[in-house]
Amino acid sequence: MLRIWALVAALTLANLVGWHVQRRSAHDTELASVQQSSAVLTDAFAEETVQMFRQIDQALRSIRAFHAASGSVAKTEAFIDALKLGGARIENGYLVDAEGRLVVTHNAATVGRSVADRDYFQFHRRTEADVPFVSPVELGRVTGKYLFRVTRRINDAQGRFAGVSLVTVDPESIAGFYRRLMPEEGSVAALIGVRDQRVRARTPSPPENVWLRPLGSPLWRHFARSPSGSYTALGSVDGVLRHFVYRPIPEWEMVLITGVADAQVRRRTEARLQQIAWVAISSNLVLFALAGVLTYIDRQRRQMNGLLRQQQAMLDNDLVGITKLSHRNAVWENRAFARMFGYAPGELTGQSARVLYPDDEAFRAVGAAAYPVLHAGGTYRTQVQLVRKDGSPIWVDMSGAMVSPETHESMWMMLDITDMKSRHAEVEQIAFQDTLTGLPNRSLLTDRLLQAMAMASRTGTMLAVCFIDLDGFKAVNDRFGHAAGDRLLQVIGQRLQDCMRSKDTVARLGGDEFVLVLTQLHAESECQRILERVLRAVEQPVELGPGETGMVSASIGVAFCPKDGHDPDALMKRADAAMYAAKRAGKNAIRGV
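The paragraphs below set out a description of the structure included in this document. For clarity, every value in this text was computed on a predicted model and none was experimentally measured.

Some remarks on the overall build of the chain
And then number 1: Tallying secondary structure elements over the chain gives 16 helices and 23 strands in all.
And then number 2: When the 593 residues of the chain are sorted by exposure, 47% land in the buried category.
And then number 3: For the chain, the share of sequence-separated contacts (at least 6 apart) that also reach a separation of at least 24 residues comes to 56%.
And then number 4: Carbon and sulfur atoms form 55% of the exposed surface of the chain, whose accessible area is close to 29,200 Å².

Some remarks on the side chain of Thr323
And then number 1: Relative to the helices and strands, Thr323 resides in strand S12 (residues 321–326).
And then number 2: Separated by 2.8 Å, the side chain of Thr323 and the backbone oxygen of Trp332 make a polar contact.
And then number 3: Among residues more than four places away in sequence, those in contact with Thr323 are Ala330, Trp332, Glu333, Phe337, Ser410, Met411 and Trp412.

Overview of the side chain of Thr105
And then number 1: On the secondary structure map, Thr105 appears in the loop between strand S2 (102–104) and helix H3 (119–126).
And then number 2: What makes Thr105 buried here is its relative accessible area of 7%.
And then number 3: Of note is the side chain of Thr105, whose polar atom sits 3.3 Å from the backbone nitrogen of Asn107.
And then number 4: Side-chain polar atoms of Thr105 contact the side chain of Thr110, separated by 2.9 Å.
And then number 5: Contact partners of Thr105, with chain neighbours within four places excluded, come to Glu77, Tyr94, Thr110 and Val111.

Some thoughts on the packing of helix H13 (residues 473–480) against helix H14 (residues 482–499)
And then number 1: At a minimum axis separation of 6 Å, H13 and H14 run at an interaxial angle of 140 degrees. When the interaxial angle is binned, H13 and H14 end up oblique. Across from Phe473, Val476, Asn477 and Phe480 in H13, the residues of H14 making contact are His482, Ala484, Gly485, Leu488 and Leu489.
And then number 2: Split into classes, the residues belonging to the contact of H13 with H14 amount to six nonpolar, three polar and no charged.

Structural notes on unusual backbone geometry
And then number 1: A cis amide bond, omega 0 degrees, links Thr203 with the succeeding residue Pro204.
And then number 2: The topology assignment puts Pro204 in the loop between strand S8 (199–203) and helix H5 (208–211).
And then number 3: Of the consecutive residues Cys561 and Pro562, the connecting peptide bond is found in the cis state with omega at 20 degrees.
And then number 4: Locating Pro562 in the fold gives a position in the loop between strand S22 (553–561) and helix H16 (568–584).
And then number 5: For His327, which is not glycine, the phi dihedral falls at a positive 55 degrees.

Some points on the sheet that holds strand S11 (residues 254–261)
And then number 1: With antiparallel pairing, five strands are arranged side by side in an open sheet as S8-S7-S11-S10-S9. Each edge of the open sheet carries a strand with a single partner, namely S8 and strand S9 (229–234). Between one strand axis and the next, the sheet turns by 20 degrees as a mean value, whatever way the strands run.
And then number 2: The pairing of strand S7 (residues 188–193) with S8 spans four bridges and is antiparallel. Note on S8: the bridge partner recorded for Leu191 is Ala201.
And then number 3: Against the sheet, helix H4 (residues 171–181) makes contact with S7, S8 and S11, and its axis sits at roughly 40 degrees relative to S8, the strand it touches most.

Conventions adopted
- Residues numbered from 1 in each chain as written.
- Predicted model: local features only at pLDDT ≥ 70, side-chain atom pairs only at ≥ 80, totals over all residues.
- Heavy atoms only, no water.
- Helix = DSSP H or I, 4+ residues; strand = E, 2+ residues; numbered from the N terminus.
- Buried < 20%, exposed > 50% of the residue type's maximum accessible area, 1.4 Å probe, protein only.
- Contact = heavy atoms within 4.5 Å.
- Areas by Shrake-Rupley, 256 points an atom, 1.4 Å probe, with all protein chains shown as cover.
- Polar contact = N/O pair within 3.5 Å; in protein donor to acceptor, adjacent residues only side chain to side chain.
- Axes fitted to C-alpha atoms, helices over the stretch in contact; angles between N-to-C directions.
- Parallel < 35°, antiparallel > 145°, perpendicular 65-115°, else oblique.
- Nonpolar A, V, L, I, M, F, W, Y, C, P; charged D, E, K, R; others polar.
- Pairing = 2+ DSSP bridges.

And the structure:
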């Protein structure tokens, strides 16, 4: 009996000592768990926020490129309407001229209204760099809604300030995304500008005065020491004690911060201590103390497994594909990663990352670029085209970091940006190609001409700018109609391309005017031979429809670089004048050679 009581006494003493130890460590354990989960969630939020703003910036660039190509306010307004911007992120798109007047706006009553006093307009007018600007949240003068604006500078052909392309963004569209994934009540997430310390988006939604003033917060003291980290402090908006994790978004001069209320951590701690206390009391009420201890250990094991399942759930999110590689072989991947590339869960484990690349050269190129950075302790990031299991291409935004240099283990995160790349390609086609013939338009011609002139200067060769106007096109158009005229222009455009070398450019300026850029010429006679082929090709009959043919000829004017000038505009004007000389000489002729 004494032995039993001695055992009970020993167990009681052990439980009392264990209680005090657990009480001190329980809060720290729960806090570490919360901070680890918050760090993973904050990283995912930051990645998605970058993608949101890249999509917003793509819309800005599209508006600017189209306006530069068309030179028409009315066409730009139609282009903005066609983009259907009023979606999940962007409210509306606008165009502001060099004087600060709204020239494209969704509200006709605001056309001509001055925004020259706005911070974004002042910023772009004094800053020549092509960088985006994210303005603070303000109450819209027309909409009456709290919005912020994202803008880019527009330059004219001489590089002078010509206005601003602008879109408005509802903060709730970003905050709503954060809110859907926040793990608990009392948690907070906010996107804040580093330059002005003002909130761009927050969940829960803040009082209205928070939008209008800099956020006085301990965040800035910690941010000054390290752009990424964690701390514990009272919330600046509601005074609630929270444990915060923050990450920078440097390309947009913003910081993303999330916080979990300390009350939540304490509630978890108390629940944990109650479990421990119940185990301790139970172990002293029965003589089967060992069974009680084993039960306690089993509970602890289940809690740990539960924590691991929570962490695994964070890694198996639908936002980001994550994989761990060793010597570029997959040792683990989350479900999002496998699904992104069309594989079953776990199917990629043990395989070489080579299966994700289109060819050996692409696989070697990424390895050569990434692993020196990783071994130096850095983070490698790029956008690259990979392949799914079925062989279809997929564009990803990929970032990696070294986990263990000794075992060559690295962790990689990937986001599917295929849709964004497709939209970018569509916008480039609209901005830089002639819609009828598919040939380069005036904007792309200017870029190609500048590149050709730089190469001619480096190699000591000549280039020729050839201005072509079709003789007799108006008669064909008037007789057979516009559809037949369009058909003729398409055929002539193809014939011109067939006459060119791979290094030359054919562009359509509009109407029946084409321009050729012939590069790497050693003598003017080379140009003469090519243009004689062009004359013979153009004058061949063109089938316009059943039983209908049309015929045109070409008047061609030529200017050479460096003989006739070193400026693209001067060469174009010289070639245009030579073309009119060919017209006056009887047409179907070449002048300037």
